Amino acid sequence: MCLEYYLEPSFDVAFLRSLKIPVRVTDGPPNRPPNTPFRPTERAPVLRAEDPEDPAAGLVASHLRWWMVPFFHRGRVDDWRARCIHARLETIDTRDAFRQPYVRRRALVPVTSYIEYDAPPGRAKGEPLRRWEVRWTRRDSAQIRYFAGLWDVSNPRDHDGPLESFAFVTGRPGRAYATPVADTGRPLHSRQPRVLTLEQGMDWLRLDGPGKALLLDPEPLGGFVVRPRPEHRDRT
């Protein structure tokens, strides 16, 4: 399960200009050290359509909480214990927490790589899991890809104003995930985030577009590259 992901280089003016689509920025980025992954409950950059009927007319860039709190929740933020970090592709149009966001509020979550975990042979109880960094082979200059996201806005009683938050879609694994890891004989994971190019992402944002059918194929353009990424690399 992906609980960390990276955006390198940062979500900056140069990146927004490279999209070649008008982008309205609503807030400043949080102060983050370099090489730091995004983790659940942190604010992370998200792109949304100014007009969901015509995403190509312009996007909105904002920082939202990763761990979606649905619109109907009225308690404290921490009282929403369902792990709405990921949205299962199979139930995004039927589950209460995701049904309305799927129909009305889709998003793109910029990402350059993300982390999966497994337990290596001989791991003792209490030792950290092994971290695998998942990237994609580049057939063009687009290093940044996008998780297919959903967002919502709620009004928890302990939050100062509306809370905007998001989750991203996972589905059945593709080849890179189904291939057993050499020293364990087990697949990397049973669920895989859906990773899109910008062109595919604009189709995802279109409310009259293909919707979840766009996400049925688990293979990203060009395929995945999986390699170890020990945590100490992020502190160098």
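Everything that follows concerns the structure shown earlier in this document.
Procedures and definitions
- Residues numbered from 1 in each chain as written.
- Predicted model: local features only at pLDDT ≥ 70, side-chain atom pairs only at ≥ 80, totals over all residues.
- Heavy atoms only, no water.
- Phe/Tyr/Trp six-rings, centres within 6.5 Å; stacked < 30°, edge-to-face > 60°.
- Lys NZ or Arg CZ within 6 Å of the ring centre and 35° of its normal.
- Core = buried A, V, L, I, M, F, W, Y, C linked by side-chain atoms within 4.5 Å.
- Buried < 20%, exposed > 50% of the residue type's maximum accessible area, 1.4 Å probe, protein only.
- Contact = heavy atoms within 4.5 Å.
- Helix = DSSP H or I, 4+ residues; strand = E, 2+ residues; numbered from the N terminus.

Student: Let's hear about the packing of aromatic side chains: which residues, and what values?
Tutor: Enumeration over the complete set of coordinates arrives at 15 aromatic pairs. Among the aromatic residues, ring-to-ring pairing joins Tyr5, Phe38, Trp66, Tyr114, Trp136, Phe147, Phe166, Phe168, Tyr177 and Phe224 into one connected group. Over the face of the ring belonging to Tyr102 we find Arg106, whose NZ or CZ atom lies 4.6 Å from the ring centre. Its guanidinium or amino end placed over the ring of Tyr6, Arg229 lies 3.9 Å from that ring's centre, counting from NZ or CZ.

Student: Break down the nonpolar core for me, citing the residues and quoting the values.
Tutor: Counting residues in each nonpolar core, the largest one holds 58 residues, and the members touching the most others are Tyr5, Leu47, Tyr114, Phe147, Phe166 and Trp204. Not counting chain neighbours up to four residues away, the residues in contact with Phe147 comprise Cys2, Tyr5, Ala107, Leu108, Val109, Val111, Tyr114, Phe168, Pro193, Arg194 and Val195.

Student: Before we move on, can you summarise unusual backbone geometry with the specific residues and values?
Tutor: In this structure, Lys20 is a non-glycine residue whose phi angle is positive, near 60°. Mapped onto the fold, Lys20 is located in the loop between helix 1 (13-18) and strand 2 (23-25). Overall, the relative accessible area of 75% leaves Lys20 in the exposed class. The phi dihedral of Thr41 falls on the positive side, at around 85°, and the residue is not glycine.

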